[in-house]
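This is what each chain is made of:
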Amino acid sequence: MKTEARVFIAQNTSLARPPHVPELTLHLATEAHELWQKTEEELEAIGLPPPFWAFAWAGGQGLARHLLDHPQLVSGKSVLDFASGSGLVAIAACKAGAGAVTACDIDPWAAMATAMNAACNEVRVALRSDDVIGTDDGWQTVLAGDVFYDKDLTEAVTPWFEALARRGADVLVGDPGRAYCPRDRLEELAVYQVEVTRALEDSEVKKTTVWRFRPEWD
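Summary of the structure given here. Since we're looking at a predicted model, the values are computed, not measured. (Residues numbered from 1 in each chain as written. Predicted model: local features only at pLDDT ≥ 70, side-chain atom pairs only at ≥ 80, totals over all residues. Heavy atoms only, no water.)

**Side note on the side chain of Asn 12**
With respect to the helices and strands, the residue Asn 12 is situated in helix α1 (residues 5-12). A distance of 2.9 Å separates a polar atom in the side chain of Asn 12 from the backbone oxygen of Phe 8. (Helix = DSSP H or I, 4+ residues; strand = E, 2+ residues; numbered from the N terminus. Polar contact = N/O pair within 3.5 Å; in protein donor to acceptor, adjacent residues only side chain to side chain.)

Below, the structure is given as structure tokens:
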């Protein structure tokens, strides 16, 4: 990292409560911060990948809300939060009583953001920055908030999620209507209306569905 991550995150975010999960506190960028204004070239110049970790995306908020309202989904279980970003979903799993939570994101800045956010919420989260797609460490529950925004990523993770579900893992995803969401392979669990910012989305409220991967599908 060309810029020390902890310092950069602290200087370019504020502690805030995501509107759909006000029980949690995260380091988030707002309109008041320069991070919103930086171009992709400027971010690359300081060694910063696109800062997905700086925002509470609708899919993650919906999934986090569902875990807090239905703690039996993760209570006492080993959990993987895939593409964890800010760590929102991983932290919610901890608050819901998960036995052991691992947050994985290939962006090392996300790992730092998750560590800082976990500390703010007084929970312990294990961190990974390697590519776990296709692997299986025996997680009982696998969580993913808002990962179907990209065609290539969807094509990579869908067979992996299906394999984990067939093995017996409970694979839960939060999705705000992204184009590549494989709805035909999913079971709907809940729908939430999640407040977001127009700077990130095309509306101020996103209909967000929590889905479960079916072990077998037609």
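Back to the write-up after that little detour.
**Re helix α6 (residues 151-167)**
Over its 17 residues, α6 extends 25 Å from the first C-alpha to the last, a length consistent with the 24 Å expected when each residue adds 1.5 Å. Residues Thr 154, Val 157, Thr 158, Trp 160, Phe 161, Glu 162, Leu 164 and Ala 165 constitute the buried set of α6. The elements touched by buried residues of α6 are β3 (78-82), β6 (141-145), β7 (170-175) and β9 (205-213). For α6, the N-terminal cap is Asp 150; the gap from its side-chain oxygen to the backbone nitrogen of Asp 152 is 3.1 Å. After α6 finishes, the residue Gly 168 shows a positive phi value of roughly 125 degrees. (Expected span 1.5 Å × (residues − 1). Buried < 20%, exposed > 50% of the residue type's maximum accessible area, 1.4 Å probe, protein only. Contact = heavy atoms within 4.5 Å.)

**Re the packing of aromatic side chains**
The tally for this structure, following the rule as stated, stands at nine aromatic pairs. Ring geometry for Trp 53 against Trp 109: centres 6.5 Å apart, planes inclined by 10 degrees, an arrangement best described as stacked. Here Trp 53, found in the loop between α2 (40-45) and α3 (58-69), pairs with Trp 109, found in helix α5 (residues 108-120); they are 56 residues apart in sequence, far enough to count as distant. Per residue, the accessibility class of Trp 53 equals that of Trp 109, and both read buried. Taken together, the aromatic side chains of Phe 52, Phe 55, Trp 57 and Tyr 149 make up a single cluster linked through ring pairs. (Phe/Tyr/Trp six-rings, centres within 6.5 Å; stacked < 30°, edge-to-face > 60°.)

**Some thoughts on the pattern of salt bridges**
All chains considered together, the criterion is met by nine salt bridges. Between Arg 128 and Asp 137 there is a salt bridge, with its nearest N and O atoms 2.9 Å apart. Through salt bridges with shared partners, a single ionic network connects Glu 23, Arg 65 and Asp 69. (Salt bridge = Lys/Arg side-chain N within 4 Å of Asp/Glu carboxyl O.)

**With respect to the packing of α3 against helix α4 (residues 88-95)**
Contact geometry for α3 and α4: axes closest at 9 Å, N-to-C directions at 5 degrees. With respect to each other, α3 and α4 are oriented roughly parallel. Every residue of α4 that contacts α3 at Gly 60, Gln 61, Leu 63, Ala 64, Leu 67 and Leu 68 is listed here: Leu 88, Val 89, Ala 92, Ala 93 and Lys 95. In terms of residue class, the contact of α3 with α4 is made up of eight nonpolar, two polar and one charged. (Axes fitted to C-alpha atoms, helices over the stretch in contact; angles between N-to-C directions. Parallel < 35°, antiparallel > 145°, perpendicular 65-115°, else oblique. Nonpolar A, V, L, I, M, F, W, Y, C, P; charged D, E, K, R; others polar.)

**As for the environment of Arg 212**
On the secondary structure map, Arg 212 appears in strand β9. A relative accessible area of 22% means that Arg 212 is categorised as partly exposed. For Arg 212 and Lys 77, which are 135 residues apart along the polypeptide, the C-alpha to C-alpha distance reads 17 Å. Side chain to side chain, Arg 212 and Asp 170 meet in a polar contact 2.6 Å long.

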